[in-house]
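# Descriptive analysis of the structure
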Amino acid sequence: MQEERAKPQKMVLDCDTGVDDTLAILYAALHPDVELLAVGSVWGNVDIATATRNCLHTVHMAGRADVPVARGAAGPLIGTPPVYAYHVHGDDGQGNAGTGRGVGAAIAGTAAEQMIRLARAHPGEVEIVAVGPLTNVALALGLCPELPELVHGVTIMGGAALAPGNVTEVAEANIWCDPEAAAAVFNAPWRLTMVGLDVTMRTTLDDGHRARLAAGGTIGQYTSRILDHYLDYFAAASFGERRSCLHDALAVAVAARTLVPSSAPTVNAFVVLGDGPTRGQTVCDLRGMYMGYPHQDGAHCRVVLETDPHFADEIVALIAAAGDSAVPLNKEGRT
Ligand code: RIB
Ligand code: CA
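Now for a look at the structure at hand. All values reported here derive from a predicted model rather than from experimental measurement. (Residues numbered from 1 in each chain as written. Chains lettered and ligands numbered in written order. Predicted model: local features only at pLDDT ≥ 70, side-chain atom pairs only at ≥ 80, totals over all residues. Heavy atoms only, no water.)

### Regarding the overall build of the chain
What counts here: We count a stretch as a helix when DSSP gives it H or I for four or more residues in a row; a strand needs E for two or more, and each element gets its number in order from the N terminus. Only the C-alpha atoms count toward the radius of gyration. The rule for a globule is 2.2 Å times the residue count to the power 0.38. Only protein chains enter the accessibility calculation, which uses a 1.4 Å probe; a residue is then buried when its area is under 20% of its type maximum, exposed when over 50%, and partly exposed in between. Here, residues are in contact when the closest pair of their heavy atoms is within 4.5 Å. Under the convention used here, a 1.4 Å probe and the Shrake-Rupley method define accessible areas, while residue burial counts only the protein chains that appear. Under the counting rule used here, the positive set is Lys and Arg, the negative set is Asp and Glu, and His together with the chain ends is not counted. By convention, charge coordinates are those of NZ in Lys, CZ in Arg, CG in Asp, or CD in Glu.
A tally of helices and strands in the chain yields 13 helices and twelve strands. Taken over C-alpha atoms, the radius of gyration comes to 18 Å for the chain, in line with the 20 Å a tight globule of 335 residues would show. Expressed as a percentage of its 335 residues, the buried residues of the chain come to 57%. Sequence separation of 24 or more characterises 81% of the internal contacts of the chain that already satisfy a separation of 6 or more. For the chain, the accessible area works out to roughly 13,200 Å², and carbon and sulfur atoms hold 54% of it. Positive and negative charge centroids in the chain, built from 22 and 37 side chains respectively, lie 5 Å apart.

### Thoughts on unusual backbone geometry
The phi torsion at N96 lies on the positive side, around 55°, for a residue other than glycine. Secondary-structure assignment places N96 in the loop between α3 (86–89) and α4 (111–121). Despite not being glycine, H247 has its phi angle at roughly 40°, a positive value. Within the secondary structure, H247 is located in the loop between β8 (243–245) and α12 (248–256).

### So, the sheet that holds strand β5 (residues 153–157)
Either a parallel or an antiparallel arrangement is found when strands of a sheet pair, and the pairing is made through backbone hydrogen bonds. Test applied: Following DSSP output, two strands are said to pair if at least two bridges run between them. For helices, the axis comes from a line fit to the C-alpha atoms of the stretch in contact; other axes are also lines fit to C-alpha atoms, and the angle between any two N-to-C directions lies between 0 and 180 degrees.
Spatially, β3-β2-β1-β4-β5-β6-β12-β9 is the arrangement adopted by the eight strands of the open sheet, whose pairing is mixed. With partners counted over all chains shown, the strands left at the sheet margins are β3 (69–70) and β9 (266–267), one partner each. Of the strand pairs in this sheet, strand β1 (residues 9–15) and strand β4 (residues 126–130) are connected by five bridges, and their pairing is parallel. If you follow V12 over to β4, its bridge partner there is I128. Sheet strands touched by helix α1 (residues 19–30): β1 and β2 (34–41). Its angle to β1, the strand with the most contacts, is close to 160°. Of the strands in this sheet, β1, β2, β3 and β4 touch α4, which is tilted by about 155° from β2.

### Observations concerning the site of ligand 1
What counts, and what does not: The rule for a residue being near a molecule or strand is that one of its heavy atoms must lie within 4 Å of it. Identification of polar contacts relies on pairs of N or O atoms within 3.5 Å, with a donor-acceptor requirement for protein atoms, meaning one able to donate a hydrogen and the other able to accept it, and with residues adjacent in sequence counted only if both atoms are side-chain atoms. Each residue receives one of three labels: charged for Asp, Glu, Lys and Arg, nonpolar for Ala, Val, Leu, Ile, Met, Phe, Trp, Tyr, Cys and Pro, and polar for the others, Gly being one of them.
Surveying the vicinity of ligand 1 reveals 13 residues, the closest of which are D20, N166, E172, N174 and D248. D16 is positioned such that a nitrogen or oxygen atom in its side chain is 2.9 Å from an oxygen atom of ligand 1. At a separation of 2.5 Å, an oxygen atom of ligand 1 approaches a polar side-chain atom of D248. Out of a free accessible area of 280 Å², ligand 1 has 96% covered by protein chains. Contributions of two or more residues to the shell around ligand 1 are made by α1 and α7 (173–177). Tallied by class, residues from the shell around ligand 1 come to three nonpolar, five polar and five charged.

### Description of the coordination of the calcium ion (ligand 2)
Heads up, the rule is: Sites may look incomplete, because water is not among the atoms used; the donor set itself consists of N, O and S atoms within 2.8 Å of the metal (3.2 Å for Na, K and Ca).
All of the protein donors around the calcium ion (ligand 2) are D16 (OD), D21 (OD), D21 (OD), V131 (O) and D248 (OD); their distances to the metal are 2.2 to 2.9 Å. Counting the intervening residues between successive donors of the calcium ion (ligand 2) yields the motif D-x4-D-x109-V-x116-D. Here D16, found in the loop between β1 and α1, pairs with D248, found in helix α12; they are 232 residues apart in sequence, far enough to count as distant. Its relative accessible area of 1% is what places D16 among the buried residues. D248 gets classed as buried once you look at its relative accessible area, which sits at 2%.

### Observations regarding the environment of L213
By secondary structure assignment, the location of L213 is in helix α10 (residues 207–214). Setting aside its immediate chain neighbours within four residues, L213 contacts G220, Q221, T223, S224, L227, V316, I319 and A320.

### Notes on helix α2 (residues 48–61)
Here is the rule we go by: One less than the number of residues in a helix, times 1.5 Å, gives the span that helix is expected to have.
Here α2 spans 20 Å end to end across 14 residues, near enough to the 20 Å set by a 1.5 Å rise per residue. Burial analysis of α2 places twelve of its 14 residues in the buried class, the great majority of the element. Among the residues making up α2, those that are buried are I48, T50, A51, T52, R53, N54, C55, L56, H57, T58, V59 and M61. Packed against the buried residues of α2 are β1, α1, β2, β3 and α11 (218–239). Where α2 begins, the side chain of D47 points an oxygen toward the backbone nitrogen of A49, at a separation of 3.1 Å. One or two positions beyond α2, positive phi appears at G63, with a value near 75°.

And the structure:
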């Protein structure tokens, strides 16, 4: 008898679409184990208009114009000015390799409202996957305090349990951008999965992967092109050689269970607030590591500590095989 295949994971993906978010959207849009219900944009890597444009462009490029995109928050929860990362993702959030052309339109309503609507429509089934600052998720919690009972869970790309930070010594970018929003998300009583720098710094793409993407259709070629600038950034900032993190796609794959962590204890965790040097740090109680992580009362944060680094090959194969972009190319062959 054939084993029954698990149903695809219903997902609402919330992105501050820069380069790695683009790969995450492509993975979610293309992988048969994901039922991508919707995408929300959020400020972060780039301003909200650019993030929304890039979310729309990516779903359309993947031939998934059926996936609604809702525009989200333009800055942090408490109204402080947004700080962007154009130096990492390029002025267009696409490694300066996009066309910037508008494609499609965002639906009416906010990304937070979209999350709530879809959670109510599919009670217990939707995984919220948030791979930018957690502003939209915190806004959704504020609008709908019962959201934790309505969703399957929340998976984030964000934080660092044992790894160093990537904005400050201890803070990862998505948490550092909006610590108050992150604290609300960490404190809410849902099953939270944290896919942080502990694993995302150890799964990387290099020029060999770019060559495989470039050998595919125009979706792969576009992805290869936007990664060029990103590899330069990581060579200078982190690795001393041309390779880049995958970051956000790992969270999508963990949420879809296409990437099963080899270590992911459920522990108590919190976000450091205030104005001190540790603002935005994620503190995870890993004191049980020498005893196989015994149960902790009240713990609801699954902290991913180890995954298979070969995931990079899998996502590259998926995108390279995706064929041609459904968004027409311009005169320079750009999509
Ligand atoms: O720290 C990495 C994270 O910050 C990724 O989600 C990246 O896209 C940025 O949002
Ligand atoms: Ca991101």
